[in-house]
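# Overview (structure and organization)
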Amino acid sequence: KAGVTQTPRYLIKTRGQQVTLSCSPISGHRSVSWYQQTPGQGLQFLFEYFSETQRNKGNFPGRFSGRQFSNSRSEMNVSTLELGDSALYLCASSPGTSGSRFFGPGTRLTVL
Amino acid sequence: TQLLEQSPQFLSIQEGENLTVYCNSSSVFSSLQWYRQEPGEGPVLLVTVVTGGEVKKLKRLTFQFGDARKDSSLHITAAQPGDTGLYLCADAYSGAGSYQLTFGKGTKLSVIP
């Protein structure tokens, strides 16, 4: 079974731009959650989607948004990028809303 | 807001040595998970512990959950270079149709051959 895939793996943007990251969960998994990882703050929860509905949201500004499609694939969008948005963005999937999460390799975003 | 503190922040040891890393929470864990993250990869779940005082073993790794469910330790026996990585503890909360992981900042382990 293929694991969680994230595209692109690396991305460089400039301040003020917007970016869209994509996550394809493991086949059959319906829950997708997103995390931001930085050296200073560690791993922080962004949001979780299940069956195209956002179930939970972390403490991030409204510039961070996401959505989930009927095939369970998910995208997250960050608008008006700031230097502090430079981070590794991780996506995790699971069969349902509870249970173990399986993480993808992440998208490394650099904002210049 | 729950705070998870992991120590030490960095650890560099020689192959064959033993080591212990710690995770302490400001509040009781819902359930505790340990992950290992290798460079360029996402975290991989090692173990989940739920009951206070629980001890779980995974080959050379021993996980201990405190009686009060506010602290945990991970002990590695005879460390190998393949154990190198970032060890993360997390509180796994499941409720109201949602599931959320709160992570510590991790212990970065380097095992030198």
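Structure: above.
Residues numbered from 1 in each chain as written. Chains lettered and ligands numbered in written order. Predicted model: local features only at pLDDT ≥ 70, side-chain atom pairs only at ≥ 80, totals over all residues. Heavy atoms only, no water.

### Regarding the sheet that holds strand β3 (residues 19-24) of chain A
Strands belonging to one sheet form pairs held by backbone hydrogen bonds; the direction of such a pair is parallel or antiparallel. Residues and elements named next belong to chain A. Pairing is antiparallel in the open sheet, where four strands are placed in the order β1-β3-β8-β7. Where the open sheet ends on each side, the last strands, each with one partner, are β1 (5-7) and β7 (64-68). Adjacent strand axes in the sheet meet at a mean angle of 20°, parallel and antiparallel pairs treated alike. In terms of strand pairing, β1 meets β3 through three bridges, oriented antiparallel. (Pairing = 2+ DSSP bridges. Helix = DSSP H or I, 4+ residues; strand = E, 2+ residues; numbered from the N terminus. Axes fitted to C-alpha atoms, helices over the stretch in contact; angles between N-to-C directions.)

### Some thoughts on the interface of chain A and chain B
In this assembly, 21 residues from chain A lie in contact with 17 residues from chain B. Interface area for chain A against chain B, summed over the two sides, is near 1500 Å², with a carbon-plus-sulfur share of 50%. Among the residues of chain A in contact with chain B, A:Leu43, A:Arg101 and A:Phe103 are the three that bury the most area, contributing 30% of the side total. Inspection of the chain A/chain B interface yields zero salt bridges. Applying the counting criterion to the chain A and chain B interface returns six residue pairs in polar contact (both at pLDDT 80 or more). Listed by contribution, the elements that provide at least two residues to the side of chain A that touches chain B are β4 (31-38), β5 (42-50), β6 (53-57) and β9 (87-94) of chain A. With four residues, the top contributor of residues to the side of chain A that touches chain B is β5(A). Looking at the side of chain A that touches chain B residue by residue, the classes come out as seven nonpolar, 10 polar and four charged. (Contact = heavy atoms within 4.5 Å. Buried area = accessible area lost by both parts, 1.4 Å probe. Salt bridge = Lys/Arg side-chain N within 4 Å of Asp/Glu carboxyl O. Polar contact = N/O pair within 3.5 Å; in protein donor to acceptor, adjacent residues only side chain to side chain. Nonpolar A, V, L, I, M, F, W, Y, C, P; charged D, E, K, R; others polar.)

Function-wise, these values are silent; they only describe arrangement.
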